[in-house]
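What the coordinates show
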Amino acid sequence: MNLFDKLNKNVIFFDGGLGSLLIAKGITAEESPETLNITAAEALTDIHLSYLNAGSDIVTTNTFGANSIKFNSDKYTLEEVIISGINNAKTAVKMNGKNALVAFGMGPTGKLLEPMGELKFEDAVASYTEAASIAEKAGADLIIIETMTDTYEMKAAVLGAKEGASLPVIATFSFDKDGRLLTGGDIKAGIALLEGLKVDALGINCGFGPDVVKNLLPEFVNFSTTPIIIQPNAGMPVTEGGRLKYTISPEEFAKYQAEFFKEGVRILGGCCGTTPDYIAALVKACEGIKPKEIKNRYRTVVSSFAIAREINDTHLIIGERINPTGKKLLKQALKDKNLDYIVSEGITQKENGAHILDVNVGMPGIDEEEMMLLAIKALQASNPLPLQIDTSNPSVMEKAMRYYNGKPLVNSVNGSEESMHGIFPLVSKYGGVVIALTLDDNGIPETAEGRLEIAKRIAKCAESYGIPLSDIIFDPLAMAVSSDSNAAITTLQAIKLIKKELNAKVSLGVSNISFGLPNREVITSTFFASALSAGLDLAIVNPSSTIMMDTYYSYLALAGLDEHCEGYIERLSDRKIEYGNSAKADTVLTDTDSQTVSDPLFKAIVNGAADSAYNLTKEMLVTHKSEHIVDNILVKALDYVGKSFEAKKIFLPQLMKSAEAAKSAFKAIKESLQSGTGDSGKGPVLIATVKGDIHDIGKNILKVMLENYGFNVIDLGKDVSPERIIDEVISKEIKLVGLSALMTTTVESMADTIKLLREKAPDCKIMVGGAVLTYEYAKEIGADFYGKDAMSGVIYAQSVFNVPKS
């Protein structure tokens, strides 16, 4: 039974914020805020009851940080605070007397997961599993995962919730104004992941007020087939008369949300700054509005941590080069665990037009499971493209799907009972779009009709596992025309039949058609054009093959899929036609000279190849001075990457990976100078998360970036008092301080810290950052600079210390 049936309602109202109401009651926590479930149980029950009386159907427990990684108390156990938190809410429901539910709230761990951070994926899953299990036993009715800014941690939380409990799961992200997560994911990527994991509702909470959320909502409404939940803040915090307040009134809040309801949102509530008055106004504003029907749009979508690819009429290319079959260099790289080579292959394919990357590491003499996980992690740290997990080993497939950050393309299943019952449970649990080969225990049918029958059987079995037809792509198998003169005709007929009879998506490994023939690309490209005309949706080809990609862009132009032939013109104008393998020049920026861009060390930094960067720097030091390497290669590479990040051409994982590569290069230089780690000479910059705030992800990212731009960083950690900060500033004569805050309840602590700095160290510059801050609020509390991300903080630090830009 879903939540709407449980409550017998077609729209559900959640509650609002907790922190500001606790502060209004004069209640603060000496330890983790969750300890208030025990020390201030009566006050929390009263807050829950006030929301229920205002019209909330679901109240959320005070357990945002109740997981083994984040929770910290010398007095109480994790189990005690979770049980008490749920009991407080259940007591309020009983006192209210209406049909209401208790949601167990789960928030971020406060740590970055590998490979960007140190937290292991399975440790994150285990932490959420433990909390969910306690919550279900304590009587929670559902789980809400909230304020996530990383798709990978969201996946860990959803898996933990589902593996620890059998409760409905709601999941919400906190996006920036552009619809991006901290780690780079966009709205479609978030939706694809969560729908693959089969959550019961998904949406947005925190970050901004409804005036900003309204700009993000259309993408949710148009793309999601799952009920949408929206929980905005009451605007943004400002200070007035020395007190914190929010910019949007209950009536304005309710007006915005009523429009969201009209547009298709089915679950409404509030976050920071909202109170029972906001919820009461919201319930009243939605009276008499008829909700929109939630429709399944049957989209075929795969995703990475950053982007989603919808497989529709556009036709997509899967890069085939990360597959050891017939590739000596890749085979050797796999034996040597040379991840830099694999990363380079992925980036080259992306630059040459691939939309998805096939990843196959199966070969004798290696541990396929270990190598598959290493390859996936390395590729996802350097490349935003979705991946196709390509293995015939079900145990390898399960591990890869579990650790993959996104909704993968899965290659493959076939019509045998063993294959279907081995792969479909994995797709059902982890989410994915599966390539279905039209063969079974009897082999490959000789006729198109025979392949269609297998496709129908696969579709029926998939349905029994809850997998829709939109999550299956059929491969009618291209066989060598050299051994069967009708092979191409049969495959083309099978494409047309599957499209007609099943209205399903179709893929092919195109190059198989020319096996055993000379000048294979000539006949392969001709068959490729024919297959596209027959309805092929997804083609596994070599994107570095000029003739294959020219055929692809030519087809798009001829099929009316390339408006004004823009793609064709961009690819082929001013180019002499010479067929063979080619690679596009790097076109991210045009203000870096071509000689620098083509330098191997520059490429290693940009591609995030740490081992290569170290070794190349060592080689260059034999013939070049360290100053030349730093000024002409490393600084330019970092600036190149930084500007690409600002232009949203790369995302946080690639930015961090490049920073690590630069760190390896600087390590090689320091070793050659025999100066140890030393002091970089820039700075120092002091950074800290302010008193009362235990979130330090943003601060830690800034630290990595500053260090890799040559700054000496003093990191005081999290929950740092104003007094400690000022002591350090004075004793070390600090010229620049960076302050971070994520929680609205701690921005006043930031204001207090800035006030003290102005009194005691007036010459010290102050930059601030954090999800709850804005430029206006930063200016209001006296900061010199507001950093929207780590890169902007680096740029400001360079200006403070008069570091020349390359």
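Now for a look at the structure at hand. (Residues numbered from 1 in each chain as written. Predicted model: local features only at pLDDT ≥ 70, side-chain atom pairs only at ≥ 80, totals over all residues. Heavy atoms only, no water.)

**Details of the overall build of the protein chain**
Looking only at helices and strands, one finds 31 helices and 25 strands in the protein chain. A compact globule built from 806 residues should have a C-alpha radius of gyration of about 28 Å, and the protein chain, at 28 Å, falls within 12% of that. Referenced to the eigenvectors of the C-alpha coordinate spread, the extents of the protein chain come out at roughly 85 × 70 × 50 Å. Taking all contacts inside the protein chain whose residues are at least 6 apart in sequence as the whole, residues at least 24 apart take part in 76%. Of the roughly 32,800 Å² of accessible surface on the protein chain, 49% is carried by carbon and sulfur atoms. The positive charge centre, built from 81 side chains, and the negative charge centre, built from 102, are 2 Å apart in the protein chain. (Helix = DSSP H or I, 4+ residues; strand = E, 2+ residues; numbered from the N terminus. Rg over C-alpha atoms; globule rule 2.2 N^0.38 Å. Contact = heavy atoms within 4.5 Å. Areas by Shrake-Rupley, 256 points an atom, 1.4 Å probe, with all protein chains shown as cover. Lys, Arg positive; Asp, Glu negative; His and termini not counted. Charge placed at Lys NZ, Arg CZ, Asp CG, Glu CD.)

**Looking at the sheet that holds strand 5 (residues 169-173)**
Hydrogen bonds between backbone groups are what pair the strands of a sheet, and the pairing can be parallel or antiparallel. Ordered in space as 1-10-7-6-5-4-3-2, the eight strands form an open sheet in which the pairing is parallel. Each edge of the open sheet carries a strand with a single partner, namely strand 1 (12-13) and strand 2 (58-60). The sheet contact formed by strand 5 and strand 6 (residues 201-205) spans four bridges and is parallel. Bridge assignment links phenylalanine 173 to a residue of strand 6, and that residue is isoleucine 204. Along the sheet, helix 7 (residues 151-164) contacts strand 3 (101-106), strand 4 (142-148) and strand 5; its crossing angle with strand 4, the most-contacted strand, is approximately 170 degrees. (Pairing = 2+ DSSP bridges. Axes fitted to C-alpha atoms, helices over the stretch in contact; angles between N-to-C directions.)

**A closer look at the side chain of threonine 491**
Position of threonine 491 among the secondary structure elements: in helix 18 (residues 487-502). For threonine 491, a relative accessible area of 0% gives the class buried. (Buried < 20%, exposed > 50% of the residue type's maximum accessible area, 1.4 Å probe, protein only.)

**Observations concerning the layout of surface pockets**
Counted as a void, the second largest pocket has a volume near 1,200 Å³. Taken together, 43 residues make up the lining of the second largest pocket; nearest its centre are Glu320, Asn323, Thr325, Asp390 and Asn512. Secondary-structure elements contributing two or more residues to the lining of the second largest pocket are strand 15 (387-390), strand 16 (409-414), helix 16 (417-430), strand 17 (433-437), helix 19 (520-534) and strand 20 (538-541). When its residues are assigned to classes, the lining of the second largest pocket shows 12 nonpolar, 21 polar and 10 charged. (1 Å grid on protein atoms, 1.4 Å probe; cavity = no way out; pocket = protein on both sides within 12 Å on 5 of 7 lines; lining within 4 Å. Points joined across faces, edges and corners; volume = space filled by probe spheres on them. Nonpolar A, V, L, I, M, F, W, Y, C, P; charged D, E, K, R; others polar.)

**So, the packing of aromatic side chains**
Counted under the stated rule, the structure contains 10 aromatic pairs. With a centroid separation of 5.2 Å and an interplanar angle of 75 degrees, the aromatic rings of tyrosine 552 and tyrosine 553 are classed as edge-to-face. On the basis of relative accessibility, which here comes to 3%, the residue tyrosine 552 falls in the buried class. Tyrosine 553 gets classed as buried once you look at its relative accessible area, which sits at 17%. Ring-pair connections join several aromatic residues into one group, and the members of that group are Phe121, Tyr152 and Tyr403. In this arrangement the basic side chain of arginine 266 is found over the ring face of phenylalanine 4, its NZ or CZ atom lying 4.9 Å from the centre. One Lys or Arg, lysine 682, reaches over the ring of phenylalanine 711 and ends 5.8 Å from the middle of that ring. (Phe/Tyr/Trp six-rings, centres within 6.5 Å; stacked < 30°, edge-to-face > 60°. Lys NZ or Arg CZ within 6 Å of the ring centre and 35° of its normal.)

**A few points about the pairing of strand 16**
Summarising burial for strand 16: six of the six residues are buried, a large majority. With three bridges joining them, strand 15 and strand 16 adopt parallel strand pairing. Opposite glutamine 388, over in strand 16, you have leucine 409 as the bridge partner. Tracing the backbone out of strand 15, into helix 15 (residues 394-403) and back to the parallel element strand 16 gives a crossover that is right-handed. Pairing analysis gives five bridges linking strand 16 to strand 17, with the strands arranged parallel. Residue valine 410 lies in a different strand from strand 17, and its bridge partner there is valine 434. A crossover connection joins strand 16 to the parallel strand 17 through helix 16; in handedness this β-α-β unit is right-handed. (Right-handed = clockwise from strand over helix to strand, strands pointing away.)

**Points about a negative patch on the surface**
Together, Asp211, Glu251, Glu252 and Asp277 make up a negatively charged patch on the protein surface. Mapped onto the secondary structure, aspartate 211 falls in helix 9 (residues 210-223). Under the relative-accessibility criterion, aspartate 211 is labelled partly exposed at 30%. (Patch = residues over 30% accessible without salt bridge, like charges linked within 9 Å, V, L, I, M, F, W, Y side chains within 5 Å. Salt bridge = Lys/Arg side-chain N within 4 Å of Asp/Glu carboxyl O.)

**Side note on helix 29 (residues 747-760)**
Compared with an ideal rise of 1.5 Å per residue, which puts 14 residues at 20 Å, helix 29 spans 20 Å between its outermost C-alpha atoms and is within 8% of the ideal. Considered for burial, the residues of helix 29 that qualify are Val747, Ser749, Met750, Ala751, Thr753, Ile754, Leu756 and Leu757. On its buried face, helix 29 sits against strand 9 (243-246), helix 28 (722-732), strand 23 (736-740), strand 24 (765-769) and helix 30 (775-780). (Expected span 1.5 Å × (residues − 1).)

**Examining the nonpolar core**
Judged by nonpolar contacts, the single largest core of 172 residues is most densely connected at Ile82, Ile145 and Phe474. Sorting elements by how many residues they give to this core places helix 6 (residues 121-138) first, with nine residues. (Core = buried A, V, L, I, M, F, W, Y, C linked by side-chain atoms within 4.5 Å.)

**Let's talk about the side chain of glutamine 388**
Mapping glutamine 388 onto the fold places it in strand 15. Setting aside anything within four residues of it in sequence, one finds glutamine 388 in contact with Ile318, Ile356, Leu357, Asp358, Val359, Leu409, Asn411, Ile435 and Ile540.

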